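Structure at a glance
Spelled out, the chains give:
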Amino acid sequence: MAQDPAVSLRVSEISDPALLFERYNTEEIRRVERKVRGEIEQKKEELRQMVGERYRDLIDAADTIGEMKQCSESVVRSVRDVQQFCHSLKQGTGTGGCRQEDQRPWQEKFYTMASQIKLLLEIPERIWSAMEASQYLQATQLYLLCCHLHSLLQLEAATGGLYSPVLSRFPILVRQVATTGHFRSTILLESRSLLRGRAVSDQAIAEALVSTMLLEDSSPRQALADFLLARKSFIHQLLNQPQHGSGIKAQVCSLVELLVNTLFQAYAVFYMPPEGAPRQGDGTLRCGILFSVLESVTATMPAAKARRVLQEETSPGSWFRYLPPCITEFQPTIRTLAQPIQREQLRDTLQQWINTCKEDICRGVNSLLVYVKSLKGLAGIRDAVWDLLSSDSISQHWSTVCQRLLERPLAVWEDFLQQLFLQRLQVITKEETEAISASSVQLLTSALRDLESQTLHLSSGSHSSVHRALYEVDVASFLWSESPGDLLSDAGWVSVTQRSQQQQQRSGLAMKTHALTPCVQNFCSSLDAKLKSRLEDLQCYLPSQDTGSDSIPTTVSSSGPAGSASVSSCNRFTDSPAVEEALREGCLSCVHHILSSIRSELSASFPNSSPNRLSSVLFMARLCQSISELCPSLKHCILGKHSASEAAAKGTPRQGKKLGKSRPTAEVSPAQAKWAALKEELLSCSMEAYRIWSSALSKVLLDKFGSALHTESAGSILKAATNWEDLEIQEEAESGSSVTSKIRLPIQPSWFVQSLLFHLCVEVNRVGGHALPRPTLQELLQTCLDQALSHYCSLTQRPPNREGVFPMTQNRALQLLFDLRYLNTTLGSRLDEGKGSRSQQDPRFNEVCDWLEGFIDPFDLDVFTPPLNANLNRVSQRTSVLLGLLTGSEKQFASRSSTVTSQEQYNILPLASSQIRFGLLPLSMSGVRKSTSASRGPDAPQQLLF
């Protein structure tokens, strides 16, 4: 049921009665009127009740005022009576002089007691004032004076339970005696709480300890124990404060400051120099304050330095002159003999306290550092502690105090905090590197899945969003594609040398020349950004180049008796090697984790590497090959300071070449050895991935080659035949005349051989053959040659003269022999690294050659061999540029004949002495380059004739 709007209307909302008649009908307006009248009556009743209640209060106030008026009038009358009585006494002094002289001894005694009672009544207020001003020694003296007055006035209760005569005449003292009994516990509590303060002066500490000694009749050793116990409890209080984040720095600094101040104050308060040595030395460094204060407070002989309890209050003309000397000259006494603490006892006590506090501080700080999540925050706390310990007020006398108190130096940072900070740093570094490792492995897994799915789409004919997989399989499409980032914006005025020194970002064209696909670039840039963030975070904890002097302890000369220098107790960069080692181990474990994930993926792809998996395999191969180059932060993290020194020692490349001849070989540091081992492991993993790709490629190509080689029909053999050459040779007959004969020899390899080499060259260039490691390329060619020889060996094992099989004729044997020798020349016979001789020939090659030569007439074989070799050398030279990377610059061809026709003089093409990037493009070479290359010996380029 809906609520009536007229009933829910408030009286305060009625501003214009005319609006009511516009909004509501007559019945609703009447209900509003009844509601308003009801509220009016209710307010009237509340007003009546309030007036009735306040009226009684008003009557009570009027009665009180009347009583005050009567009381004040009676006081005025009494004052007038006192004035009249005094006036009458002045008039009668002449007649009563003798009687006053008789009463003077009694009055003196009375005034003495009265002054003591007045002092006793004023002492509680003075004690509270002294405690409010934190003058606990003054309060203790007043309390002991009050106890002395109690004994003089005999205010203690009698044996029978009756009060003393003074209490019977002055009942107000009963309450005062009861109040005084609480001062002792209050003064002790406040004095001990003062001992826990951090910013308390040495004088205040000494006075608080003297107060405790006077109230408890304790010895200086007990005072030292109380002082150290109070400081230990305050350490626990600081450690248990619920503060995190920025409050951790304040807590740690407070702990260090409290520890240092405790030793300084222990020296200033308790340490006594040997006999004959001055108490105050080393400039502002005081000592033995406790015994000085205790001597000044308890000295019984009048001396200038004695501190009397009522020394400031003995003003003449006041009631203080009636106090007896036992009150005005009162000095507290201590029952035990306050002898100075022996140095051995002081040393052992402080050392035991330090050991106990060390355990508590280490445990507490370790629990506090758990809330620090970054090395920058950790370095901020470390630097704050260093600034505190390096301040002049601490570093100037720290070594002197430690040597005199503990008889040994005390390094607060190294002994208490350094290991805790290092452990926390190692934990943070380990957590961060593990997070980087997990995210990198996740990124690697997602990239591999994307490549496989995109490869499936590419093979099925869908060309949308498959460029990444296409670039991994066909790097040529990536190399010859243009993108806005191929050249940097400042490429026109910044040289390559300056860019490499500044470690700037590489251009897209540089990435293409190294066959680094976008997938590899994205992964490496992501890993490098994370490692760079870790490195920048770690740099906050390490000394910078311009603040290297901070790592040297600050030495400040002191003006002590020995005149020796005191060294600061904090060297914040002594753990820099351990800090770098923590990051180094974290980065190494991160990369090893990534490598283990890559190896697991490769092991899953190795037995039967499908074409869909080849893009992933090539991606992992390029990734392992380029991580060390595209992730400069990884190198900096592992090498540490060696990377900066190495970069500075290198200089420009030209200077490095000049200086490299005379500079001796530097010793390899452990960090450099680990970096070299990691690069070797990355290269090994890359070679393993490339080996999977080369195995799959060689298997596919050689299977087609084997099927074409083992063909048995005449049509298939004729289809694979190529061009032959007609040669005229002159031979000497038996009669001595020359006979001219014509022979036919092959000048090109079979089509299936050319197809094998061409497709092999195409596949190598598709994956960026100019960036392939040389061992991988050599292994691929050697594998292809081995499998080709296997197919030729299987050809020799077939039984001859089978039905339906084309027989092995002399021409076919010549073509197969030419093919085999061409394959061996192209794919094999490479120079060993660092050697001048050819690698050992495969014995199967000679066996197959002998088998094929068996089908050729021996006389014809002798005639055919020289021109066949010439044709083989010519075709090898002509196809060297077409095949590009398959031939390489290290091919050794037979020397040219001296008989060179005029038509062949211009068909000379130089090859580069080093492996060229784009093998299909001939490189021009100037005459100066030729002379320079010729002076290099065996590395000179060979001139090939066409």
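Residues numbered from 1 in each chain as written. Predicted model: local features only at pLDDT ≥ 70, side-chain atom pairs only at ≥ 80, totals over all residues. Heavy atoms only, no water.

**Considering the overall build of the chain**
As a reminder of what qualifies: Helix and strand assignments follow DSSP, with helices taken as H or I runs no shorter than four residues and strands as E runs no shorter than two, numbered in order from the N terminus. Here's how the labels work: a residue is buried when its accessible area is under 20% of the maximum for its type, exposed when over 50%, partly exposed in between, all with a 1.4 Å probe on protein chains only. Contacts: residue pairs with any heavy atoms within 4.5 Å of one another.
Secondary structure assignment for the chain yields 37 helices and 6 strands. Looking at the chain as a whole, 40% of its 946 residues are labelled buried. The long-range fraction of contacts in the chain, counting pairs at least 24 apart against all pairs at least 6 apart in sequence, stands at 77%.

**Examining the pattern of salt bridges**
In plain terms, the rule: Salt bridge criterion: a side-chain nitrogen from Lys or Arg within 4 Å of a carboxyl oxygen from Asp or Glu.
Taken as a whole and judged by the stated rule, the model has 23 salt bridges. Between Arg192 and Glu216 there is a salt bridge; the shortest N-O distance is 2.5 Å. Pair noted here: Arg192 is in helix H8 (residues 183-195) and Glu216 is in helix H9 (residues 202-216), with a separation of 24 residues, a long-range link. Judged by its relative accessible area of 34%, Arg192 falls in the partly exposed class. Where Arg766 meets Glu763, a salt bridge forms, and the shortest distance between an N and an O atom there is 3.6 Å. On the criterion of helical spacing, the pair formed by Arg766 and Glu763 is a turn pair, its members being 3 residues apart in helix H31 (residues 751-766). Overall, the relative accessible area of 25% leaves Arg766 in the partly exposed class. Given a relative accessible area of 25%, Glu763 falls into the partly exposed group. In the salt-bridge network here, residues are joined through shared partners; they are Glu581, Arg584, Glu585 and Lys674.

**Remarks on helix H26 (residues 632-639)**
One full turn of an α-helix is made of 3.6 residues, so residues set three or four places apart face in the same direction. For H26, the complete set of buried residues consists of Ser633, Leu634, Cys637, Ile638 and Leu639. Immediately beyond the C-terminal end of H26, within one or two residues, lies Gly640, with a positive phi of roughly 65 degrees.

**Digging into the side chain of Asp537**
Tracing the sequence through the fold places Asp537 in helix H23 (residues 518-539). Aside from chain neighbours lying at most four places away, what touches Asp537 is Ser374, Leu375 and Lys376.

**Some words on unusual backbone geometry**
For Ser134, which is not glycine, the phi dihedral falls at a positive 60 degrees. Ser134 sits in the partly exposed class, given a relative accessible area of 39%. Within the chain, Asp217 stands out as a residue other than glycine whose phi angle is a positive 50 degrees. With respect to the secondary-structure elements, Asp217 resides in the loop between H9 and helix H10 (220-239).

**Description of the pairing of strand E3 (residues 724-732)**
Worth spelling out the cut-off: Only strands that DSSP links by at least two bridges are regarded as paired with each other.
Here E3 pairs with strand E4 (residues 738-746) via 9 bridges, running antiparallel. Opposite Trp724, over in E4, you have Pro746 as the bridge partner. Turn length for the E3-E4 hairpin, with the two strands adjacent in sequence and antiparallel, is 5 residues, and the turn residue Gly736 shows positive phi of about 95 degrees.

**So, the packing of helix H11 (residues 247-270) against helix H14 (residues 343-369)**
Here is the rule: Note on geometry: axes are C-alpha line fits, over the in-contact stretch for helices, and angles between N-to-C directions span 0 to 180 degrees. Here is the rule for angles: anything less than 35 degrees is roughly parallel, anything more than 145 is roughly antiparallel, 65 through 115 is roughly perpendicular, and the remaining ranges are oblique. Each residue gets one label: Ala, Val, Leu, Ile, Met, Phe, Trp, Tyr, Cys and Pro are nonpolar, Asp, Glu, Lys and Arg are charged, and the others, such as Gly, are polar.
The contact between H11 and H14 brings their axes to 11 Å, and the two run at 175 degrees. In terms of orientation, H11 lies roughly antiparallel with respect to H14. On H14, the residues touching Ile248, Gln251, Val252, Leu255, Leu259, Thr262, Leu263, Ala266 and Phe270 of H11 are Leu346, Leu350, Trp353, Ile354, Val365 and Leu368. A class-by-class count of the residues in the contact of H11 with H14 yields 13 nonpolar, 2 polar and no charged.

**A few points about a nonpolar patch on the surface**
This is how the line gets drawn: Like-charged residues within 9 Å of one another, or nonpolar side chains (Val, Leu, Ile, Met, Phe, Trp, Tyr) within 5 Å, are grouped into patches, provided each residue has over 30% relative accessible area and no salt bridge. What sets the accessible areas is the Shrake-Rupley method with a 1.4 Å probe; for residues, cover comes only from the shown protein chains.
A cluster of nonpolar side chains, Leu47, Met50 and Val51, forms an exposed patch at the surface whose accessible area comes to about 290 Å². Among the secondary structure elements, Met50 is positioned in helix H3 (residues 26-91).

**Things to note about the packing of aromatic side chains**
Geometrically, a pair of aromatic rings is defined through the distance of the ring centres and the angle of the planes. The test is simple: Each Phe, Tyr or Trp ring, with Trp reduced to its six-membered ring, pairs with another whose centre is within 6.5 Å; inter-plane angles below 30 degrees give stacked pairs, above 60 give edge-to-face pairs, and intermediate values give tilted ones. Comment: the charge-over-ring label is applied if NZ (Lys) or CZ (Arg) is within 6 Å of the ring centre and within 35 degrees of the ring normal.
On inspection of all chains with the given rule, the structure shows 8 aromatic pairs. What links up through ring pairs into an aromatic cluster is the set Phe705, Phe752 and Tyr792. When the ring centre of Tyr541 is taken as reference, the NZ or CZ atom of Arg382 above it lies at 4.3 Å.

**Thoughts on the confidence of the model for the chain**
Basically, it comes down to this: As a per-residue measure, pLDDT tells how confident the predictor is, with possible values from 0 to 100.
Mean pLDDT over the chain works out to 76, with 73% of the residues at or above the 70 mark. pLDDT under 50 marks residues 548-570. Its contacts with residues more than four places away, or in other chains, come to 48 contacts. Across residues 831-839, confidence stays below pLDDT 50; counting only partners more than four residues off in sequence or on other chains, it has 12 contacts.

**What about the state of the cysteines?**
Put simply, the rule reads: When two cysteine sulfur atoms are found within 2.5 Å, that pair is recorded as a disulfide.
As enumerated under the stated definition, the model contains 0 disulfides in all. Cys587 forms no disulfide, and the closest cysteine sulfur to it belongs to Cys637, at a distance of 3.9 Å.

**Focus: the environment of Leu701**
Tracing the sequence through the fold places Leu701 in helix H29 (residues 670-709). Distance in space between the C-alpha atoms of Leu701 and His759 is 7.7 Å, their sequence separation being 58 residues. When near neighbours in sequence (up to four residues on either side) are disregarded, Leu701 contacts Leu756, His759 and Leu760.

**Section: the packing of helix H33 (residues 810-827) against helix H35 (residues 858-878)**
Our working rule: Here a crossing is taken to be left-handed if its near helix is turned anticlockwise relative to the far helix by less than a right angle, and right-handed if that turn runs clockwise.
The geometry of H33 relative to H35 is characterised by a closest axis approach of 11 Å and an angle of 40 degrees between their N-to-C directions. With respect to their mutual orientation, H33 and H35 come out oblique. H35 is crossed by H33, and the crossing has right-handed handedness. Facing H33, whose interface residues are Gln810, Leu814, Leu817, Phe818, Arg821, Tyr822 and Thr825, H35 presents Asp860, Phe864, Leu868, Asn869, Asn871, Leu872, Val875 and Ser876. For the contact of H33 with H35, the per-class residue count stands at 8 nonpolar, 5 polar and 2 charged.

**Observations regarding the side chain of Thr722**
Threshold: Pairs of N or O atoms within 3.5 Å make up the polar contacts considered here, provided that, within protein, one atom can donate a hydrogen while the other can accept it, and that residues adjacent in sequence are counted only when both atoms are side-chain atoms.
The topology assignment puts Thr722 in the loop between helix H30 (714-719) and E3. By relative accessible area, which is 12% here, Thr722 ends up buried. Within polar-contact distance, the side chain of Thr722 engages the backbone oxygen of Gln748 at 3.1 Å. Looking at Thr722, its side chain comes within polar contact range of the main-chain oxygen of Pro749, at 3.3 Å. Sequence-distant contacts of Thr722, defined by excluding residues within four places in its chain, comprise Gln748, Pro749, Ser750, Trp751, Gln754 and Gln815.

**Description of the environment of Lys376**
With respect to the helices and strands, the residue Lys376 is situated in helix H15 (residues 375-389). Once you skip the residues sitting within four places of it in the chain, Lys376 turns out to touch Asp537 and Cys540.

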